[in-house]
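For reference, the chains in residue letters:
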Amino acid sequence: INTNLGWVLSGPVENHSQQRLEASVNMSSTHVLQLETPPSQPMHHEDDQQLRQFWDLESLGISKEEKSVVEEFTSTIGFKAGRYHVELPWKEHHPLLPDNYEMSRKRLWSLLERLKRDPEVLKEYDAVIKDQLTKGVVEIVEKEDIGELGKVHYIPHHAVIRRDKETTKLRIVYDASAKTSGPSLNECLYTGSAMTHNIMDIILRFRSHKVALADDLNSETT
């Protein structure tokens, strides 16, 4: 059956012992196949452990290394001055971050030239930067506070404009993948596992209650 969610195979299925299990789902009857491990082929303890590890980690998209990174990242979470703080998940023995000041400066001037062609967008961009400074999302670093090579990295940014949006029509995106003669910042950090929810779980929860709520988070993307 070709449904809105894709092809679905439905119908009675019999196993080798001619046994059938019936289950009632949404007022309809369906048949499922009973799976058994033949007595002549018992599952070894090592195989059982590997299978459990697969379902516990790999099926969730989380490798053992990623799980360790997530735990380490979670342990650095702190709450200071009314906001959460976390440390960057640096890779061990990552390459030295290059001095990308010139590349970032050139991209900034190129961005300004484009924004000057549309004064309204330039005004919005300036307002977003000032708002981030006020909220403490970004801060001005004085020249005497700049650290040594490998400890300082500049992140270019650009505008993403969506006039069709009801709320955030202009969003500033920081490009941590920008690179010059060496690695980018993203290449020196662990990416971690995907934190997005399974679409099927979302659909099922949406159908479980009479009222569904949706919101829009106002955030800065790096």
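Cut-off values and rules
- Residues numbered from 1 in each chain as written.
- Predicted model: local features only at pLDDT ≥ 70, side-chain atom pairs only at ≥ 80, totals over all residues.
- Heavy atoms only, no water.
- Helix = DSSP H or I, 4+ residues; strand = E, 2+ residues; numbered from the N terminus.
- Contact = heavy atoms within 4.5 Å.
- Areas by Shrake-Rupley, 256 points an atom, 1.4 Å probe, with all protein chains shown as cover.
- Salt bridge = Lys/Arg side-chain N within 4 Å of Asp/Glu carboxyl O.
- Buried < 20%, exposed > 50% of the residue type's maximum accessible area, 1.4 Å probe, protein only.
- Polar contact = N/O pair within 3.5 Å; in protein donor to acceptor, adjacent residues only side chain to side chain.
- Expected span 1.5 Å × (residues − 1).
- Arc of directions from axis to C-beta.
- Axes fitted to C-alpha atoms, helices over the stretch in contact; angles between N-to-C directions.
- Parallel < 35°, antiparallel > 145°, perpendicular 65-115°, else oblique.
- Nonpolar A, V, L, I, M, F, W, Y, C, P; charged D, E, K, R; others polar.

*Asks:* Teacher, can you tell me more about the overall build of the protein chain here?
*Replies:* Secondary structure summary: the protein chain contains five helices and eight strands in total. When the helices and strands of the protein chain are listed from N to C terminus, the series reads β-β-β-β-α-α-β-β-α-α-β-β-α. For the protein chain, long-range pairs separated by at least 24 residues make up 53% of all intrachain contacts whose partners lie at least 6 apart in sequence. Accessible surface computed for the protein chain: about 18,700 Å², of which carbon and sulfur atoms make up 55%.

*Asks:* What is the right way to look at the pattern of salt bridges in this model?
*Replies:* As enumerated under the stated definition, the model contains six salt bridges in all. Residue Arg107 is joined to Asp175 by a salt bridge in which the shortest nitrogen-to-oxygen separation is 3.0 Å. Here Asp175 lies in the loop between strand S8 (170–174) and helix H5 (199–206) and Arg107 lies in helix H3 (residues 101–116), a separation of 68 residues in the sequence. Owing to a relative accessible area of 30%, Arg107 belongs among the partly exposed residues under this scheme.

*Asks:* Hey, could you run me through the side chain of Thr76 in this one?
*Replies:* Here Thr76 is to be found in the loop between helix H2 (64–75) and strand S5 (78–80). At 2.7 Å, the side chain of Thr76 and the backbone oxygen of Phe73 are in polar contact. Reaching out from Thr76, the side chain makes a polar contact with the backbone nitrogen of Glu87 at a distance of 3.3 Å. Leave out the neighbours within four places in its chain, and Thr76 touches His85, Val86 and Glu87.

*Asks:* It is not clear to me how helix H4 (residues 119–135) should be interpreted in this structure. Could you clarify?
*Replies:* In an α-helix, one turn spans 3.6 residues; hence positions three or four apart end up facing the same way. When the terminal C-alpha atoms of H4 are compared, their 24 Å separation across 17 residues agrees well with the 24 Å that a helix rising 1.5 Å per residue should span. Taken together, the buried positions of H4 are Val121, Tyr125 and Gln132. All buried residues of H4 fall inside an arc of 40 degrees around its axis, so they share one side. Opposite its buried face, H4 presents the exposed residues Pro119, Lys123, Lys130 and Thr134, each directed more than 90 degrees away. Among the structural elements, H3, strand S7 (157–161) and S8 are those in contact with the buried residues of H4. Looking one or two residues beyond H4, the residue adopting positive phi is Gly136, at roughly 80 degrees.

*Asks:* Help me understand the packing of H3 against H4 in this model?
*Replies:* For any two helices packed against each other, one specifies the inter-axial angle together with the distance between the axes. For the pair H3 and H4, interaxial distance at closest approach is 7 Å and the crossing angle is 130 degrees. By the angle between their axes, H3 is oblique relative to H4. Of the residues in H4, those touching H3 at Leu111, Leu115 and Lys116 are Pro119, Val121, Leu122 and Tyr125. Looking at the contact of H3 with H4 residue by residue, the class counts come to six nonpolar, no polar and one charged.

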